[in-house]
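# Residue-level structure breakdown
Below are the chains, spelled out letter by letter.
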Amino acid sequence: NYEGLLQVDGANGLSEIGVKGQVIALGCLSHARRYAYKAVEDGDRNADVYLEGFNRIFRIDRLAKHFKLGEAKRQALRMTHSLAIFDLLSAMAQTELPEATPKTLYWDCLHYLVEQEEYLRRCITTPGAELTNNAAERNLRPLKTGVRNWFWVGHPTAGPRLANLFTLIENCRQAGVNVEAYVTDLVTRLPGHPARKIAELLPAAWKNAREKAKAAADPPAA
């Protein structure tokens, strides 16, 4: 029943997750920039304009953050400046891809931009969206680096359970929830909590409930 944004990295099938029209798939401009960076690093000067274009898009967001612009002003800045840069890069890639040598790093740069254009563009045009999914990838990195350990989880059902637990813990961290306090309270309350109200125990909802309870308990300041 999830409704909202889903930011992915271009892997096959990820952008199709969820009910169409209910889940909006976003791309990752950091991945698009990485392809341009690798082509430039390889010595292909044709990719310079793409790397510089992506750098300018990210620079605009950094300026918005530096000057502490609100969400509406940041979105206006994106729509006025960032979108024009992205649309120019996209149009160039559409024109240059047929002439590029297949399977080169420069071709990869163009192909990714053309293939992911719809999802990448939404990163800029969707209010509240991030330009990248870097935060999620940083949280997944410990699991990826320890991937060989997960071959020995002990039982076929242990893997999915462990994945669910990792997801829950990472959601705690993203929501700023004390993991130890949350898990302790969760284990205590789960046996008597109605299954139909399980969403009340998700990290963000749990945190909001605790904050409201604390505010109600604290006497108003004199």
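Residues numbered from 1 in each chain as written. Predicted model: local features only at pLDDT ≥ 70, side-chain atom pairs only at ≥ 80, totals over all residues. Heavy atoms only, no water.

You can see S90 is positioned in helix α3 (residues 71–96). With a relative accessible area of 7%, S90 lands in the buried category. For S90, the contacting residues outside a window of four places in its chain are L113 and E117. (Helix = DSSP H or I, 4+ residues; strand = E, 2+ residues; numbered from the N terminus. Buried < 20%, exposed > 50% of the residue type's maximum accessible area, 1.4 Å probe, protein only. Contact = heavy atoms within 4.5 Å.)

Moving on to the packing of aromatic side chains. When we look at a pair of aromatic rings, we describe it by the centre distance and by the angle of the planes. The full count for this structure, using the stated rule, is three aromatic pairs. Centroid distance Y182 to W206: 5.3 Å. Interplanar angle 90 degrees. Geometry classified as edge-to-face. Placement of the pair is Y182 in helix α8 (residues 179–189) and W206 in helix α9 (residues 203–217), with a sequence separation of 24 residues. Here Y182 falls in the buried class, since its relative accessible area comes to 1%. W206 gets classed as buried once you look at its relative accessible area, which sits at 7%. (Phe/Tyr/Trp six-rings, centres within 6.5 Å; stacked < 30°, edge-to-face > 60°.)

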